[in-house]
Amino acid sequence: MKASIRTSAYALLEFSALALLLFVVRFILRGHLVPQLDEECALGGVAVDVLARGIRFPLAMYAPNDYENGFFYSGLLTAGSFAALGQRALALKLPTHLIVSAGAAAALWLLRSCLDELRLRARWARATAIAVLVIAFAFSPREIALFSTYAVGIGSHAEGSAIDMALLAVFARRRADWAAPGIAAFWVLLGLALHVNKGTLVLVGVLALVELGRMRSAPRGASAALLGFLIGSVPELIRMTGADAVMGGWGTITAKLARHGRDFPAAFVSDVLTLADYRPELLAVWTLAIGLATALTLRSSRRRAIRGGAAVPSAIGMTLGVLVLHLAGLAIIAQGGVDYYALHTYPPLAVLTALLAGWSDAALAKIRSVGSARAAAALIIGPMLVAYRPEAPRADFGVVSALWNERGGAACSWRFGETFVRLQAGAVDYSLLGTAALPEHDRRAQATRVLRAVALCRSLSETVQALDCIGGIARELQYGSGRIDGEPPAELNSGERRAYAFYYGVRRDGDLMPCDDFHEAALRNDCRTAVRIDCFVRADVTTRFASGRSLGRPRCNLPPPPMDGYWAARRLDLLSRPTRNAPEFPPEFSDKALGACKAVVAACY
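Summarised in this report is the structure supplied together with it. Note that this is a predicted model, so its numbers are computed, not measured.

About the cut-offs
- Residues numbered from 1 in each chain as written.
- Predicted model: local features only at pLDDT ≥ 70, side-chain atom pairs only at ≥ 80, totals over all residues.
- Heavy atoms only, no water.
- Patch = residues over 30% accessible without salt bridge, like charges linked within 9 Å, V, L, I, M, F, W, Y side chains within 5 Å.
- Areas by Shrake-Rupley, 256 points an atom, 1.4 Å probe, with all protein chains shown as cover.
- Salt bridge = Lys/Arg side-chain N within 4 Å of Asp/Glu carboxyl O.
- Helix = DSSP H or I, 4+ residues; strand = E, 2+ residues; numbered from the N terminus.
- Buried < 20%, exposed > 50% of the residue type's maximum accessible area, 1.4 Å probe, protein only.
- Contact = heavy atoms within 4.5 Å.
- Axes fitted to C-alpha atoms, helices over the stretch in contact; angles between N-to-C directions.
- Parallel < 35°, antiparallel > 145°, perpendicular 65-115°, else oblique.
- Left-handed = near helix turned anticlockwise from the far one by under 90°.
- Nonpolar A, V, L, I, M, F, W, Y, C, P; charged D, E, K, R; others polar.
- Disulfide = S-S within 2.5 Å.
- Expected span 1.5 Å × (residues − 1).
- Polar contact = N/O pair within 3.5 Å; in protein donor to acceptor, adjacent residues only side chain to side chain.
- Phe/Tyr/Trp six-rings, centres within 6.5 Å; stacked < 30°, edge-to-face > 60°.
- 1 Å grid on protein atoms, 1.4 Å probe; cavity = no way out; pocket = protein on both sides within 12 Å on 5 of 7 lines; lining within 4 Å.
- Points joined across faces, edges and corners; volume = space filled by probe spheres on them.

## Digging into a nonpolar patch on the surface
Together, Ile-55, Phe-57, Leu-59, Tyr-73 and Leu-76 make up an exposed nonpolar region whose accessible area comes to about 450 Å². Position of Tyr-73 among the secondary structure elements: in helix H3 (residues 71-85). Of the residues examined, Tyr-73 reaches a relative accessible area of 36% and is grouped as partly exposed.

See below:
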């Protein structure tokens with residue numbers, strides 16, 4: 001019992017230290033990579049609604065897409081953060097930061113399992129490996145730093161990959177000691193993790209192979225694993241058979257695979273280069289790490305350790321398997337450039353890179369000319385620091401201060417508008433995405449579902465949230481017909497009409513033409529304002545990514561949105577800046593993703 005308490009206390013201390021270190025590096029030294037996009041404040045909208053009126057049922061109301069079942073649980077975490085710290089943008093981001101930090105701590109425990117597997121117990125070898133792992137997370141490539149502070153829910157790729165690392169670390173460290181109840185409990189958790197994050201499918205496949213490999217010596221373990229996984233998968237099975245989703249989102253994912261698969265290999269190569277910040281030395285380090293892990297896995301498979309009559313799972317082999325399968329999946333689904341699908345590859349890459357450092361240190365320490373273990377550590381850590389060097393870090397508390405003081409932009413409810421529409425009879429049939437049949441289907445269904453969605457939006461506790469929600473109804477049109485017939489729905493009052501028109505212009509990639517769908521000039525102007533502000537927000541992200549500087553104040557007139565909240569906060573933030581910093585659009589952000597935004601933004605500088 002005392003040993004368990006000590007281990008738990010040590011793990012908590014290690015997590016706290018990593019969380020503090022990563023906060024300092026990512027929010028202060030690299031604060032220019034902290035985004036504030038509208039997908040984040042949707043979590044704040046869920047938190048505000050839960051704190052005001054409790055939980056809504058069915059829980060599918062909280063699923064912004066039919067495969068994002070973790071959004072509700074993220075909303076609960078955000079509600080707790082708001083309750084403790086107030087409705088602030090920083091409180092919105094803290095749950096994501098803590099989950100990502102827990103993933104880094106889990107990677108550290110997984111690394112120790114890998115080192116134990118190699119019997120690398122020399123103090124300096126282990127210290128070198130741990131130091132390189134900390135460097136890899138603290139000074140991660142820009143893409144990883146960007147998404148690690150981007151709060152979009154447990155089902156997101158940054159948080160989902162962190163949870164997967166925690167599950168893999170637990171399995172690698174404890175699986176050989178578990179009895180059947182412990183195995184079943186773990187697989188229940190794995191089934192639930194798959195429900196909230198579809199990327200966990202890769203981890204499920206790798207661990208299932210491990211269980212099958214142990215089945216001859218321990219058949220009860222495989223049976224317990226299967227039973228536990230079936231129990232944990234009950235929510236996913238219910239979701240898959242529900243009328244409001246296409247196979248629980250798997251149909252949508254299959255459609256994405258079919259679309260993106262045509263872009264191989266160009267998109268895959270672009271993803272890998274972006275992940276490595278276009279640094280050949282980092283690519284070389286990762287290639288060596290994968291090569292070493294492959295060689296060690298092949299060697300260990302021929303002399304597998306036995307404990308209790310069953311083969312001990314290979315931590316190195318499982319880590320390599322997760323990485324290779326994610327790379328294989330990325331080859332099919334890669335979008336090119338800054339791509340959140342690439343995030344799953346980074347934690348196992350970091351572990352294998354740290355393993356390479358520890359193994360290399362042990363090998364160098366045996367060479368007399370090196371001199372000492374300390375010298376060997378310096379020879380390893382030095383090049384790693386060069387490979388992972390951050391882009392011009394500087395101590396700046398301005399980002400943390402701004403996030404702490406921002407309240408209005410911390411919550412928005414347009415996601416509710418989308419989900420309220422989708423839950424109604426006759427919602428968009430996502431199996432028709434990309435087909436000629438979708439626009440007509442959507443037009444016929446729209447009239448029957450808007451009325452109930454408007455009523456649900458009006459049930460939100462704050463006026464600004466209700467207006468955001470009604471704007472989300474307009475935004476949902478972009479997934480179907482993409483247009484209105486001159487007027488917003490007749491049920492809306494004047495304020496709601498303007499919010500509807502504004503959100504009709506959000507996510508238009510700089511295309512002002514859809515705003516001409518409105519007959520009324522005032523509504524057209526509200527829509528065009530949204531197109532412009534949305535483009536400025538995205539240009540701010542690309543400029544920060546490319547240069548480390550925020551976008552300067554635009555010189556053209558930028559009217560205010562018709563309601564307070566996130567978009568009003570973004571406009572005021574833009575107008576409070578100096579004018580000297582022009583926009584930059586690095587190649588990591590494709591022309592396809594930015595659309596006409598480049599021209600819209602450039603016209604104001």
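## As for the environment of Met-384
Mapping Met-384 onto the fold places it in helix H17 (residues 373-387). Distance from Met-384 to Ser-372, taken between C-alpha atoms, is 19 Å for residues 12 residues apart in sequence. Ignoring any residue separated from it by four or fewer positions in sequence, one finds Met-384 in contact with Val-132, Val-285, Thr-353, Leu-356 and Ala-357.

## A few points about the packing of helix H8 (residues 180-196) against helix H9 (residues 201-213)
Packing of H8 against H9 leaves a shortest axis separation of 10 Å and a crossing angle of 155°. Here H9 runs roughly antiparallel to H8, going by the angle between their axes. Here the hand of the crossing between H8 and H9 comes out left-handed. Residues Ile-183, Phe-186, Trp-187, Leu-190 and Leu-194 of H8 lie in contact with H9, whose contacting residues are Leu-201, Leu-203, Val-204, Leu-207, Ala-208 and Glu-211. For the contact of H8 with H9, the class distribution of residues is 10 nonpolar, no polar and 1 charged.

## Comments concerning the state of the cysteines
By definition, a disulfide links two cysteine residues through a covalent bond between their sulfur atoms. Applying the stated criterion across every chain yields a total of 5 disulfides. Sulfur-sulfur distance for the disulfide between Cys-457 and Cys-469 comes to 2.0 Å. One disulfide, between Cys-457 and Cys-469, carries an S-S torsion of -65° and so falls in the left-handed class. With Cys-457 in helix H20 (residues 437-458) and Cys-469 in helix H21 (residues 463-476), this residue pair connects regions lying 12 residues apart in the sequence. In this structure, Cys-457 and Cys-469 share a single accessibility class: buried. Between the sulfur atoms of Cys-515 and its disulfide mate Cys-527 the distance is 2.1 Å. Judged by the sign of its S-S torsion, about -70°, the bond between Cys-515 and Cys-527 is left-handed.

## Details of the pattern of salt bridges
For the coordinates displayed, the defined rule picks out 32 salt bridges. For Arg-415, the salt bridge is made with Glu-418, and the minimal N-O distance between the two is 3.4 Å. Placement of the pair is Arg-415 and Glu-418 together in helix H19 (residues 414-422), with a separation of 3 residues, close to one helical turn. Looking at Arg-415, the relative accessible area reads 9%, which means it is buried. Among the residues examined, Glu-418 registers a relative accessible area of 0% and is labelled buried.

## A closer look at H21
Over its 14 residues, H21 runs 20 Å from end to end, which matches the ideal 20 Å to within 8%, given 1.5 Å per residue. The buried count for H21 comes to 13 of 14 residues, which makes it a mostly enclosed element.

## Some remarks on the environment of Arg-30
Within the element layout of this structure, Arg-30 appears in the loop between helix H1 (2-29) and helix H2 (38-53). Residues Arg-30 and Arg-394, spaced 364 residues apart in sequence, show a C-alpha to C-alpha distance of 6.9 Å. When near neighbours in sequence (up to four residues on either side) are disregarded, Arg-30 contacts Val-25, Ala-138, Phe-139, Ser-140, Pro-141, Arg-142, Ala-145, Pro-390 and Glu-391. Within the local environment of Arg-30, its side chain forms a polar contact with the backbone oxygen of Ser-140, the two atoms lying 2.8 Å apart.

## What about the side chain of Thr-542?
Here Thr-542 shows up in helix H23 (residues 521-547). For Thr-542, a relative accessible area of 1% translates into the label buried. A polar contact is formed between the side chain of Thr-542 and the backbone oxygen of Ala-539, at a distance of 2.9 Å. The contacts of Thr-542, once residues within four sequence positions are left out, are Glu-584, Phe-585, Pro-586, Phe-589 and Leu-594.

## Quick word on the packing of aromatic side chains
For the structure shown, the criterion picks out 22 aromatic pairs. For the pair Phe-147 and Tyr-150, a centre-to-centre distance of 6.1 Å together with 40° between the ring planes defines the contact as tilted. Here Phe-147 matches Tyr-150 in class, with each residue buried. Arranged with centres 6.2 Å apart and planes meeting at 45°, the rings of Phe-264 and Phe-268 form a pair that is tilted. When its relative accessible area of 46% is taken as the criterion, Phe-264 is described as partly exposed.

## Regarding empty space enclosed by the protein
Tallied over the entire structure, the rule returns 8 cavities of 30 Å³ or more. The calculated volume of the largest cavity comes to roughly 140 Å³. If you trace the largest cavity, you find 14 residues lining it, with Val-100, Ser-148, Ala-158, Ser-161 and Pro-347 closest to the centre. For the lining of the largest cavity, the elements supplying multiple residues, two or more each, are helix H4 (89-117), helix H6 (142-148), helix H7 (157-174) and helix H16 (346-365). With 4 residues, the top contributor of residues to the lining of the largest cavity is H7. Of the voids in this model, the second largest cavity is the one considered here, and its volume is about 60 Å³. What lines the second largest cavity is simply Ser-161, Asp-164, Met-165, Leu-168, Leu-203, Val-322, His-326, His-344 and Pro-348. Mapped onto the lining of the second largest cavity, the elements with two or more residues apiece are H7 and helix H15 (315-333). Residue contributions to the lining of the second largest cavity peak at 4 residues, all from H7. Here the lining of the second largest cavity is composed, by residue class, of 5 nonpolar, 3 polar and 1 charged.

Shape descriptors only; they carry no functional weight alone.
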